[in-house]
Amino acid sequence: MNDSISDSGTRDEIELAIGGMTCASCAARIEKKLNRMEGVTASVNYATEKARVSYGGEVAVPDLIAVVERTGYTAAVPEPPVPEPAPAAPGGTGARATPGAPDELATLRHRLLVTVALSVPVVALAMVPAWQFEYWQWLSLTLAAPAVIWGGWSFHRAAFTNARHGAATMDTLVSIGTLAALLWSVWALFFGMAGHPGMTHPFELTIQRGDASGNIYLEAAAGVTAFLLTGRYLEARAKRTAGAALRALMELGAKEVTVLRDGVPVLVPVDRLAVGDRFLVRPGEKIATDGVVVEGSSAVDTSMLTGESVPVEVAAGDAVTGATVNAGGRLVVEATRVGADTQLARMAKLVEDAQHGKAAAQRLADRISAVFVPAVIVLALGTLAFWLLTGGGASAAFTAAVAVLIIACPCALGLATPTALMVGTGRGAQIGVLIKGPEVLENTRKADTIVLDKTGTVTTGRMTLLGVHVADGTPEADVLRLAGALEHASEHPIAQAVAAGAAERLGAALPTPEDFANVPGLGVQGVVEGHAVLVGRERLLTEWAIELPDALAAARARAEAAGRTAITVAWDGEARAVFEVADAVKETSAEAVARLRDLGLTPILLTGDNEAVARAVAAEVGIDAEHVIAGVMPQDKVDVVRRLQAGGKTVAMVGDGVNDAAALATADLGLAMGTGTDAAIEAGDLTLVRGDLRVAADAIRLSRKTLFTIKTNLVWAFGYNVAALPLAAAGLLNPMLAGAAMAFSSVSVVANSLRLRTFRAAERR
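Residues numbered from 1 in each chain as written. Predicted model: local features only at pLDDT ≥ 70, side-chain atom pairs only at ≥ 80, totals over all residues. Heavy atoms only, no water.

1. What about the packing of helix α20 (residues 589-598) against helix α25 (residues 694-729)?
Where we set the bar: Only the stretch in contact is used when a helix axis is fitted, and all axes are lines through C-alpha atoms; the angle between N-to-C directions ranges over 0 to 180 degrees. The numbering of helices and of strands both runs from the N terminus, where a helix is a DSSP run of H or I of at least 4 residues and a strand a run of E of at least 2. When an angle is under 35 degrees it counts as roughly parallel; over 145 it counts as roughly antiparallel; between 65 and 115 it counts as roughly perpendicular; any other value is oblique. Each crossing gets its handedness from the near helix: less than a right angle anticlockwise from the far helix is left-handed, clockwise is right-handed. Note on contacts: a residue pair is in contact if any heavy atoms of the two residues lie within 4.5 Å. The residue classification treats Ala, Val, Leu, Ile, Met, Phe, Trp, Tyr, Cys and Pro as nonpolar and Asp, Glu, Lys and Arg as charged. All others, Gly included, are polar.
Relative orientation of the contacting elements α20 and α25 amounts to 25°, with a least axis distance of 7 Å. As summarised for this structure, α20 and α25 are arranged roughly parallel, according to the angle between their axes. Classified by chirality, the crossing of α25 by α20 is left-handed. Counted together, Glu591, Ala592, Arg595 and Leu596 of α20 and Arg694, Ala696, Ala697 and Ile700 of α25 form the full contact between these two elements. Taken together, the residues that form the contact of α20 with α25 break down as 5 nonpolar, no polar and 3 charged.

Structure follows, in structure tokens:
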């Protein structure tokens, strides 16, 4: 890998669609060739059939494509997605081909069906001696020849292409093995004793010594081809299914939008929408892009993006996300983001980017598969020589060598990580979790401490009216109406919290003050419904010679001891009430903290607020007092994370603000709330699409399960080859049985990965 570009040089990144790959060693060869180029860093993914390439200096995209083509494969810049998804192919789950192009899966299925139809009689005749009529061997040749040559043409073509470039892949093994079995059989039929009328031979699962000229291996050649085609077809279907979640995510968006042009609704394609355009969203329609509601109110179903089943109420001034569904009234929305800048597009990009990475174990598998095929060819030749030198006979020696070639396919190694990542990241997107890459998965397993930013993560991030204490004889409704009306005229966040809480508790609109004045640093005063009203700090009442009665004074003291802001209310010269205002803890935070503990994580609350506020919030959500870090300035959050790491902790952090971005990047595992700032989301390793801390626990569970699936895939793939090769070399595997086992190995790895589709978010307590 060469990155020797000057510091002033710029680097570009491109994704290439790679054609012609048939196994992991193909991907390894392309990756190796690209990385040899000056200033190029490439990662080739066999499962997604794409190469992510970073390049600079004198290198251009045509140069990258030319290198891939010289290696024996095709490369192209992927075409932009068509407005409408291509129809699903029979037996598939959604086409990936471009319009007008042949469906590769359908072509593969047709080839498979014909090959199976030709191979079944050949295998049956070889396995049942009673069915071996006088010229059965010649019928077998007639059926087996097209099955091996035409049915296995993709193997032979790829093997020939690779041979021209001095390389060997899994196709080389299959092609040599099946053609050798066919050619041996043709020689035995025409020049040996196998072609004599009435010739019979029994079917054996193991290799038997005997006269080479009387043995044919047509059932092995045809059967292996059929089994491998079956494996490749099932693998292709499974890979398509594995990527279904990402395709579904990318297809969620609306296709057309009703734009208001000078107040007149005009239906246009969604890609013609521009920032600042206002568009109409009727009940039941998808919101075309990210924007802000300028007219109307409604409930919006966000489940397709966040996994949250409860619709969100929106009104003028509220932000809405593209691809969500307007479940209620008519809305007029002003577009704020379009195209690749929308949340949906960014989610899809994050998911796709994650599928290009490689876990540490997969990088080891890639290095092994790159040298595996040449090693297997050497082993097959060694097996052939060993059997011949020990008197096993040419027939047994040949059969054992063919079995070694066929059993050793390293496909399962190449599929182990990409398929699990495709399914895991796709499933995560469906439940509101975006995983940035496989490196993240290792850290979810190691994390033992989780730092929770308080504001906007554990709490709502906005001031809320939490309590109302009234003096004897004063109706609460009067306090809410008069104080709420006066606070509604102020723009202070605490005043707005009081006004909003009052309106919500009353269930009615607030009156308009006849007179209003702001008292800097103390509160507000004015006249409402003929009453002279004061709302603010206790000092404001003191200036008007108004004292709090003992009950209200005690309520104020308790509120301040709990870290809340106490607001006093008086009118007509008498103290009437005390309000408690604070940043409210989210209803789900306590449950989320319990779930994080269940995962073996120690939660730590981190905040810039004072100790009293921090301890009150921690007590409410179940965090121990010794695990509260308060009074931390934004720039000091990084130091807190580093201090924990220096103490031997592997630190995960959850945050949502700009001031959390550096700490998220410093932590071993950063979890960014999707409701937070772009800076925090960019810095995080995992993005939680909705602002529910419980999703953090789901994200860690899914990441750990995906990592476990990758490791079980790799253990199976390595273990399979380690166990199978000695059996084949020892003559304990018939080549046809070896072909079936090899196909099963790849399919089992993909099937194991597909189990991640059943992952469910934990049931809410």
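2. Considerations on a nonpolar patch on the surface
Going by this rule: Here, patches come from residues exposed beyond 30% relative accessible area and free of salt bridges, joined within 9 Å for like charges and within 5 Å for nonpolar side chains (Val, Leu, Ile, Met, Phe, Trp, Tyr). In this description, accessible areas are obtained by the Shrake-Rupley approach with a 1.4 Å probe, and a residue is regarded as covered only by the protein chains that are shown. A carboxyl oxygen of Asp or Glu within 4 Å of a side-chain nitrogen of Lys or Arg is what we treat as a salt bridge.
Taken together, the side chains of Phe133, Tyr135 and Leu139 present a nonpolar region at the surface, about 290 Å² in accessible area. As for its placement among the helices and strands, Phe133 is situated in the loop between α3 (104-127) and α4 (136-151).

3. A look at the sheet that holds strand β13 (residues 331-337)
Convention followed: A pair of strands counts as paired when DSSP detects no fewer than two bridges linking them.
On the basis of which strands lie adjacent, the open sheet formed by 6 strands has the order β6-β5-β7-β13-β8-β11 and antiparallel pairing. The open sheet is flanked by β6 (264-269) and β11 (319-320), the only strands paired with a single partner. Taken together, the 6 bridges between strand β5 (residues 256-261) and β6 define a ladder with antiparallel strand orientation. Within the sheet, the bridge partner assigned to Thr258 lies in β6 and is Leu267.

4. Quick look at helix α19 (residues 550-561)
To be explicit about the condition: A helix is expected to span 1.5 Å for every residue after the first. Working definition: with a 1.4 Å probe on protein chains only, accessible area under 20% of the residue-type maximum means buried, over 50% means exposed, and in between means partly exposed. What the arc covers is the set of directions going from the helix axis to the C-beta atoms.
Counted at 1.5 Å a residue, the expected span for α19 with its 12 residues is 16 Å, and the 16 Å between its end C-alpha atoms agrees. Here α19 has its buried residues at Leu552, Ala555, Arg556 and Ala559. Projected down its long axis, α19 shows its buried positions confined to an angular sector of 100°, all on one face. In this structure, α19 carries Asp550, Arg558 and Ala561 as exposed residues pointing more than 90 degrees from its buried face.

5. Digging into the nonpolar core
For the record, the criterion: Side-chain atoms within 4.5 Å are what join buried Ala, Val, Leu, Ile, Met, Phe, Trp, Tyr and Cys residues into a set we call a nonpolar core.
Membership of the largest hydrophobic core comes to 48 residues, with the highest contact counts inside it found for Ile450, Leu452, Val458, Val654, Leu671 and Leu688. When near neighbours in sequence (up to four residues on either side) are disregarded, Val654 contacts Ile450, Val451, Leu452, Asp453, Thr457, Leu664, Leu671, Met673, Leu688, Leu693 and Ala696.

6. Re the sheet that holds strand β1 (residues 11-19)
Ordered in space as β2-β3-β1-β4, the 4 strands form an open sheet in which the pairing is antiparallel. Across the chains shown, the open sheet's two edge strands, defined by having one partner strand only, are β2 (41-45) and β4 (74-76). Taken over all neighbouring pairs, the strand axes of this sheet differ in orientation by 25° on average, direction set aside. With 5 bridges connecting them, β2 and strand β3 (residues 50-56) associate as antiparallel partners. Bridge pairing links Val44 to Ala51 in β3.

7. Notes on the UniProt feature "transmembrane region" (unreviewed entry) in the protein
The cut-off we apply is this: UniProt positions are given in the numbering used here, feature names are shortened, and annotations may be inferred rather than shown by experiment.
When the UniProt feature table is mapped to this numbering, "transmembrane region" (unreviewed entry) covers residues 112-132, 138-160, 172-194, 214-234, 368-389, 395-417, 714-733 and 739-756. With 96% helix and 0% strand, the stretch residues 138-160 has end C-alpha atoms that lie 28 Å from each other. Helix makes up 80% of residues 714-733 and strand makes up 0%, while its end C-alpha atoms are separated by 23 Å.

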